[in-house]
Amino acid sequence: MSDDASLAELRETLAADGGLEEAQVRLLASADLLSLGVLADEARRRRHGQQATFVRVAEVAVDASAVETPGRAREIRVTGVPASVDAAETAVRAVAGQGVPVTGFALHDLMGLANGHAAEFARLLRVLGDAGLVAVSELTVDRTVDPESAVAVVADAGLAVSRLTIQDARGDSRLEWVRTVAGWSFPPKAVRAFAPLPRAESGATPESEPATGYDDVRQVALSRLLVDNIDSIQVDWALHGPKLAQVALTFGADDIDGVPAVDTDELGPRRTSVEDVRRNIRAASFTPVERDGGFESVTR
Amino acid sequence: MSTSSPAVDALARKVRDGGRLSRSEALTLYTEAPTHLLGRLADEVRAARHPSGVVTYIIDRNVNYTNICVAQCNFCAFYRPVGAADGYVLGFDELFRKIDDTIAVGGEQLLLQGGHNPDLPLEWYEDLFRAIKARYPAFRLHALSPPEVIHLSRLAQVEVPVVIERLMAAGLDSIPGGGAEVLVDRVRRELNCLSKATADEWLDVMRHAHRAGLRTTVTMMYGTVERPDERIEHLMRVRELQDETGGFTAFISWSFQPSHTERGGAEATGVEYLRTLALARLVLDNVDNLQASWVTQGGKVGQLGLSFGANDMGSVMIEENVVRAAGAAFCMDELEIVRNIENAGFIPRRRNMHYELLGDPIVWERDVPRMTALAEARAVGDASVPEELVRYRARTPTGKRQRAPR
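All values derive from a computational prediction rather than experimental measurement.

Participant: I keep staring at the overall build of chain B and nothing clicks. Help me out?
Facilitator: In terms of helices and strands, chain B carries 16 helices and 11 strands. For chain B, whose C-alpha radius of gyration is 21 Å, the value lies close to the compact-globule estimate of 22 Å for 406 residues. When the backbone C-alpha atoms are referred to their principal axes, chain B occupies close to 75 × 50 × 40 Å. Evaluated residue by residue, chain B yields a buried proportion of 52% over its 406 residues.

See below:
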C-alpha cells in the first residue's frame, strides 16, 4: 500500500470516522508496516492527542492470607480464580477502602462461579460492587461466552470491564479477533481498553512459533484502526517489555498497563519502573499521564 | 507523508532526490522528524540500494579469547583486571573446539575479540591465527578491533601498519569495527576509553587496514553521555573515511547496556534505536550494509529494524559474552533469524563478512539442532590456564607467576 492514492483514500475515510469497506480492511491488513503505522498513529492522535497513559498496578492474589498493598499503586488488582462467591467478596473487601480503585478477576471465571445462571451472575457482580470493586479486570475474548451480553450485565451492575484481552491466537486468527471485537456493541465506557496482543507465551511449544515484532505492532496498529468502539489500545509493560511497549505507542497504542507498583531502586531513581515508563513515553514523543484503575488521570 | 515542519519536509525531499545530508541537516532530521517519516525515508534508501529484497545474515561465532583487560572502560561489564580469579585466556584447543562446533552448524567465521591483556604478546596472536589457518584453511578470521590493534602496537612497540601486516601474514581476514563507541574525544574521555584509542587513532587503524587491503565493519555504541550532535559527528567521521577508502562493509549501531557496569544508568529506548538506525541509513550514503542489532534490542525490535533501514540481521553468533555480562541475553538461531526475515517480507540469504551471498539458509537444506541460548566463553568456575601460554613471555607479575615452571 505504498500506493499514494490508496493511502490518501484510506486516510480520508478514517479521518472522517467512516466505516471501512471490506476491500479497505483487506488493503489495511496487507499494508506495509510503516504505512499502517502512520495511519494508526494519526487515528490514535485524533483520540488521545499527545497523551499516553500508564497505570501502576499492585496485584493481590485472591487467596492471599496477608494483604499489604504498596502505597504507590494506582490500581489494586485481585488476581486468580476465586473458589467461591464469598472468597471473591472477601478478597475485594480486604483491599478496598484505601482510596485506590480495586479491580479484579477474569469475567469468565466469575461467570463460572455463577454456573452460567444470568441472575446469579448479576447478583455476584452487585455483591462485588458493594464490596468495593470498580471494574472486572479483564474479559478474555477467546474464553468468554457471549461477551456483548456479559458486558451489558457488568454495566447494569454499575461496574466496567477494564480491558478485553486475547489469551491465545496465532496467524490469521489474531486479525480475526480484532475484527470480531470491532463488531461488538457496548454501553458507553463499559469497556475501557483493548489489549490486542495475545497473552499466552507463544513459542512455548515447537509447533507454536513466537510472534515477531512485525506481527505485534501490526496487530496493535490494525486494532487502533478497526476498533472504534473502545477508546484505548493497551500494551502491557511487564508482559511485553519496555521496548516493544514503547514502539507500540508509535503504532497506535495509547495506554500502558502493568507497571509495577513497587519500584526497583537498586540502581538509582533513573532505573525505577515509573521513571523508565515516563522516559520511554517521552522518547516516543508523547506526554506521560498516570492514571488509576478507574481510568482517571492522577494529578497528585 | 508531510509534516508540520517545512524544514523537515524539505530535507525529506532532499533525501528522496538523492542529496547528501550535512551535519546540521542530519541533526534536524534526527531531532525533529516523526519516527515514521525517518523510517520511511530509510526504508526507501534501503530499497533503492538493495532492490532484490534480500536480507542477509552470517553464521559465525562471537568468541572472546580473554576477558583480562587493562583498558577499564566504565561502560564495560565484561572485563576483569589482571589477577582476577575469574579472568581467563582461552587455549588454542578450546578455540579449535569452538570452530568445530561452528562449522557443524554451517558457520564459516570466528568473530574474535577480547580484552587488552598485557600478558598476551603479538606472537601469541600470530601463532593462534597460523594454527587456525593450518587446521581450517577456508575458515575466516574476523578479528581484533582497532583498540586491540593499538594495544598490540604499544605492547610490541611496532607501528600499527606493521601489526596489521604481521596479523594478515598470520591469517587475519578482516577487522571488526568494535571499540568505536562514539568517535568524539569528549565522549571517550568520559567513558574512560580515550586512552585505549582516540577517535583519530581508531579511524587511523581502519585507514591502515583498508590501505592494506582488508575490509572492516564499523560500529557505534550510543546512549551514554553523548549528545545527538555527537552521534551525528560519529556518522560524519565514518562517512568521511568511507569516502576516502571505501573499506567499510557495514555499519552496526547498538545502545549501551548498563547493567553491571561501573557507569550504570538507563538504556536508550527502542524508539531511539530505530531512529538512530534510520538516521545512519540516511547519513551513511556510502556504506552498503546496515545490521539490525537483535542481540541488544531483542528479536522483536531487531526485526523492526528491517523497516528502519537495516538490510542485514547480523550474526547467528552461537556464543556471546560481552553484552550478556551487561544484562542482555537474547538468542536467535538460524531458523529464528530466517523466520523473522521472511515474516518481514524479505528473502533470507547467508553471507560472508564481505557480504558476498553464500546461498540459502542451511536450515532449508538440513536439520540443524535448535539453539535456545547463546554459549559462553567458558563454563563458570573453569580457571584452567592453557598449556601453550608458557611459551609466551608475560609482562605482569601475575602472568609471570602463572607461567613459571612448576
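Let's pick the thread back up.
Participant: Explain the overall build of chain A to me, please; I cannot follow it from the model alone.
Facilitator: What chain A contains, in helices and strands, is 12 helices and 9 strands. Taken against the 2.2 N^0.38 rule, which gives 19 Å for 300 residues, the C-alpha radius of gyration of chain A at 19 Å falls within 12% of a compact globule. Nonlocal contacts in chain A, meaning residues at least 24 apart in sequence, comprise 70% of its contacts between residues at least 6 apart.

Participant: Honestly, the nonpolar core in this entry has me stumped. Any pointers?
Facilitator: The tendency in soluble globular proteins is for nonpolar side chains to be buried side by side. Core analysis: the biggest nonpolar cluster contains 203 residues, and Val154, Val161 and Ala248 of chain A together with Phe251 and Leu282 of chain B have the highest contact counts within it. When residues in this core are grouped by element, the largest group, 9 residues, is from helix α11 (residues 270–283) of chain B. Contact partners of Ala248 of chain A, with chain neighbours within four places excluded, come to Val217, Val220, Val235 and Ala253 of chain A.

Participant: What's the story with the pairing of strand β5 (residues 160–165) of chain A in this structure? I'm lost.
Facilitator: Residues and elements named next belong to chain A. With 6 of 6 residues buried, β5 is to be regarded as a mostly interior element. Strand direction decides the pairing type here: strand β4 (residues 133–140) and β5, joined by 5 bridges, are parallel. Of the residues in β5, the one forming a bridge with Ala135 is Ala160. Between the parallel elements β4 and β5, the chain passes through helix α7 (residues 147–156) in a crossover that is right-handed.

Participant: Please explain the environment of Arg339 of chain B as it appears in this structure.
Facilitator: Residue and element names in this part refer to chain B. With respect to the element layout, Arg339 can be found in helix α14 (residues 334–343). By C-beta crowding, Arg339 is classed as buried, having 20 other C-beta atoms within 10 Å. Note: C-alpha distance between Arg339 and Gly270 (69 residues apart in sequence) is 21 Å.

Participant: I keep staring at the interface of chain A and chain B and nothing clicks. Help me out?
Facilitator: Where interface size is given, it is often the accessible area lost as the parts come together that is meant. Contacts between the two partners involve 26 residues from chain A and, on the opposite side, 25 residues from chain B. Mapped onto the side of chain A that touches chain B, the elements with two or more residues apiece are α3 (33–48), α9 (213–226), α11 (242–249) and α12 (273–283) of chain A. Residue classes in the side of chain A that touches chain B are distributed as 10 nonpolar, 7 polar and 9 charged.

Participant: Honestly, α3 of chain A in this entry has me stumped. Any pointers?
Facilitator: A turn of α-helix holds 3.6 residues, and therefore any two residues three or four places apart point the same way. Residues and elements named next belong to chain A. The terminal C-alpha atoms of α3, which comprises 16 residues, lie 22 Å apart, in line with the 22 Å expected from a rise of 1.5 Å per residue. Every buried residue of α3 is accounted for by Leu33, Leu34, Ser35, Leu36, Gly37, Val38, Leu39, Ala40, Asp41, Ala43 and Arg44. Phi turns positive, to about 60°, at Gly49, one or two residues after α3.

Participant: Mind showing me how you'd approach the pairing of strand β7 (residues 248–255) of chain B here?
Facilitator: On a regular strand, one side chain projects to one face of the sheet and the next to the other, so that they alternate. Residue and element names in this part refer to chain B. Of all 8 residues making up β7, 8 are buried, and the element is well covered by its neighbours. In this structure, strand β6 (residues 215–222) lies alongside β7, joined through 7 bridges in parallel fashion. Bridged to Met220 within β7 is Ser253. Regarding the hand of the β-α-β motif, the stretch spanning β6, helix α10 (residues 228–245) and β7 is right-handed. In this fold, the crossover linking β7 to strand β8 (residues 289–291) by way of α11 has right-handed handedness.

About the criteria used
Residues numbered from 1 in each chain as written. Chains lettered and ligands numbered in written order. Predicted model: local features only at pLDDT ≥ 70, side-chain atom pairs only at ≥ 80, totals over all residues. Helix = DSSP H or I, 4+ residues; strand = E, 2+ residues; numbered from the N terminus. Rg over C-alpha atoms; globule rule 2.2 N^0.38 Å. Buried ≥ 20, exposed ≤ 12 C-beta atoms within 10 Å, placed from the backbone. Contact = placed C-beta atoms within 7 Å. Core = buried A, V, L, I, M, F, W, Y, C linked by C-beta atoms within 7 Å. Pairing = 2+ DSSP bridges. Right-handed = clockwise from strand over helix to strand, strands pointing away. Nonpolar A, V, L, I, M, F, W, Y, C, P; charged D, E, K, R; others polar. Expected span 1.5 Å × (residues − 1).

In short, shape yes, function no, at least from these values alone.
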